[in-house]
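Remarks on the overall topology
Single-letter residue listing:
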Amino acid sequence: MLLSLVVHTYSLRYWLPATIMLGTAPAYLLSWGAWRLFSTVLPARLYHKLDDRLYCIYQSTVLFFFENYTGVEVVLYGDIPKNKENIVYLSNHQCTVDWIIADMLAVRQSALGHVRYVLKDGLKWLPLYGWYFSQHGGVYVKRSKKFNEKAMKKKLFTQTECGAPMYLVIFPEGTRYNPELKNVIAESQAFAAKEGLAVLNHTLTPRMKAAHVAIESMKGHLDAVYDITVAYEGTMDASGQRRAAPSMPEFLCKECPRVHIHFERVDIKEIPAEPLFFRRWLHERFEIKDRLLMNFYESKDSDKLCKFPGEGKASSLSLCKTLPSVVILGGLTLPLLLTENGRSAYVRTWVYGTLLGWLWVNVFP
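An unreviewed UniProt entry lists the protein under the name Phospholipid/glycerol acyltransferase domain-containing protein, with Takifugu bimaculatus as the source organism. Under the heading Sequence similarities (unreviewed entry), UniProt records this for the protein: "Belongs to the 1-acyl-sn-glycerol-3-phosphate acyltransferase family."

Following this line, the structure appears as structure tokens:
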């Protein structure tokens, strides 16, 4: 009985925040839908301004759970600009929590509402979120030969033409790096060797198309590229080997004590435009990431193990940044729960959300 209680309590550490985050989604989408309908007669710039504000409220609620609730320590290496910028965010990709890491950096620049994603095409079918991400400026792309460059350019042009602030998140690897999936790593390394590129051991070989199209399409709108390398502490086994990064449930269950984020700003003028040179530039950036991660996981110096080079500064997120959003969304959701139809809608949302979470964690690589 005691064991059963422990297991139940442990599961609540994930299901409680997950239920609240997913349960507030219908109220959020209803609020956004009302604004979208009303704003059809208003300038697009005005629509995007409030849309970004609404999005900031929801994502602040998400960050309340992923930062304040979990108590994770965020350690930053490098100086993040205090002022908002229009940027493309390039990062290594290990797990679904990587999306939240982008939010963690954006909120520290007061740019959380401006975050937009380049996502794999299959994710557009995710309940509730899939369609909205597109409406918020997200771009869905297909891999390799099915990649639609024209459609991506059109979507980005629509955003920049109306002056929408841009914090565009791209994971060039496309697929999450998981040290346990040896065949995926081997295929990536074989491709690099075939193309005459350096073989990487702690990241996959980056794909250039989405990043290149994004940077070239918005060059006059962008200030910089943020080159981000992320490492999750607690992902080494007893023998010192790297393990898979935490899933969202594991992260919410407080199984990751620290997240290490190495930040480097690259001025947009320093990035080559010609595809061949851009490909080399992008791969060189990932060679740097690979070295950073190799030292993080394999350094022979115990003082450097599980750290990036340079001074790491712990950065805590104030409750003032997140708690008001939880209260606002909770207030919008409460009326739904006071009626029978509202409660039915809430239960359906919870069921769909549970399915969504399972798909996100277990099906989409």
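Concerning the nonpolar core
Among soluble globular proteins, nonpolar side chains are generally buried collectively. In terms of nonpolar packing, the biggest core is built from 66 residues, with Tyr-167 and Tyr-232 touching the most fellow members. The element that contributes the greatest number of residues to this core is helix H3 (residues 44-69), accounting for 11 residues. Among all residues touching Tyr-167, those that are not within four sequence positions of it are Ile-87, Tyr-89, Ala-102, Leu-105, Ala-106, Gln-109, Ala-111, His-114, Val-115, Arg-116 and Tyr-226. Counting 28 residues, the second-largest nonpolar core is a separate cluster that includes Val-141, Leu-156, Leu-200 and Trp-281.

Looking at the environment of Ile-271
Checked against the element boundaries, Ile-271 lands in the loop between strand S7 (258-267) and helix H10 (275-298). For Ile-271, a relative accessible area of 3% corresponds to the buried category. For Ile-271 and Val-225, which are 46 residues apart along the polypeptide, the C-alpha to C-alpha distance reads 8.7 Å. Residues in contact with Ile-271, not counting those within four places in the same chain, are Ile-215, Lys-219, Val-225, Val-266, Phe-278 and Trp-281.

Digging into the sheet that holds strand S3 (residues 115-120)
The sheet built from eight strands is open, its strands ordered S4-S3-S5-S2-S6-S7-S1-S8 with mixed pairing. The sheet is open, and its two borders are formed by strand S4 (139-141) and strand S8 (312-315), each paired with just one other strand. When strand polarity is set aside, the average angle formed by the axes of neighbouring strands in this sheet is 25°. Relative to S7, strand S1 (residues 73-77) runs parallel, the two sharing five bridges. The residue bridging Tyr-77 from the neighbouring strand is His-262, located in S7. Packing against the sheet, H3 makes contact with S1, S3 and S8, and its axis sits at approximately 75° to S3.

Describing the environment of Glu-173
As for its placement among the helices and strands, Glu-173 is situated in the loop between strand S5 (167-170) and helix H7 (182-194). A C-alpha to C-alpha distance of 8.6 Å links Glu-173 and Ser-91, two positions 82 residues apart in sequence.

Here's the deal with a nonpolar patch on the surface
A surface patch of nonpolar side chains, amounting to about 260 Å² of accessible area, comprises Leu-319, Leu-323 and Val-327. Among the structural elements, Leu-319 can be located in the loop between S8 and helix H11 (323-337).

Let's talk about the UniProt feature "transmembrane region" (unreviewed entry) in the protein
Residues given the UniProt feature "transmembrane region" (unreviewed entry) here are residues 12-35. From the first C-alpha to the last, residues 12-35 spans 34 Å; its make-up is 96% helix and 0% strand.

The rules we used
Residues numbered from 1 in each chain as written. Predicted model: local features only at pLDDT ≥ 70, side-chain atom pairs only at ≥ 80, totals over all residues. Heavy atoms only, no water. UniProt positions renumbered as here; feature names shortened; annotations may be inferred. Core = buried A, V, L, I, M, F, W, Y, C linked by side-chain atoms within 4.5 Å. Buried < 20%, exposed > 50% of the residue type's maximum accessible area, 1.4 Å probe, protein only. Helix = DSSP H or I, 4+ residues; strand = E, 2+ residues; numbered from the N terminus. Contact = heavy atoms within 4.5 Å. Pairing = 2+ DSSP bridges. Axes fitted to C-alpha atoms, helices over the stretch in contact; angles between N-to-C directions. Patch = residues over 30% accessible without salt bridge, like charges linked within 9 Å, V, L, I, M, F, W, Y side chains within 5 Å. Areas by Shrake-Rupley, 256 points an atom, 1.4 Å probe, with all protein chains shown as cover. Salt bridge = Lys/Arg side-chain N within 4 Å of Asp/Glu carboxyl O.

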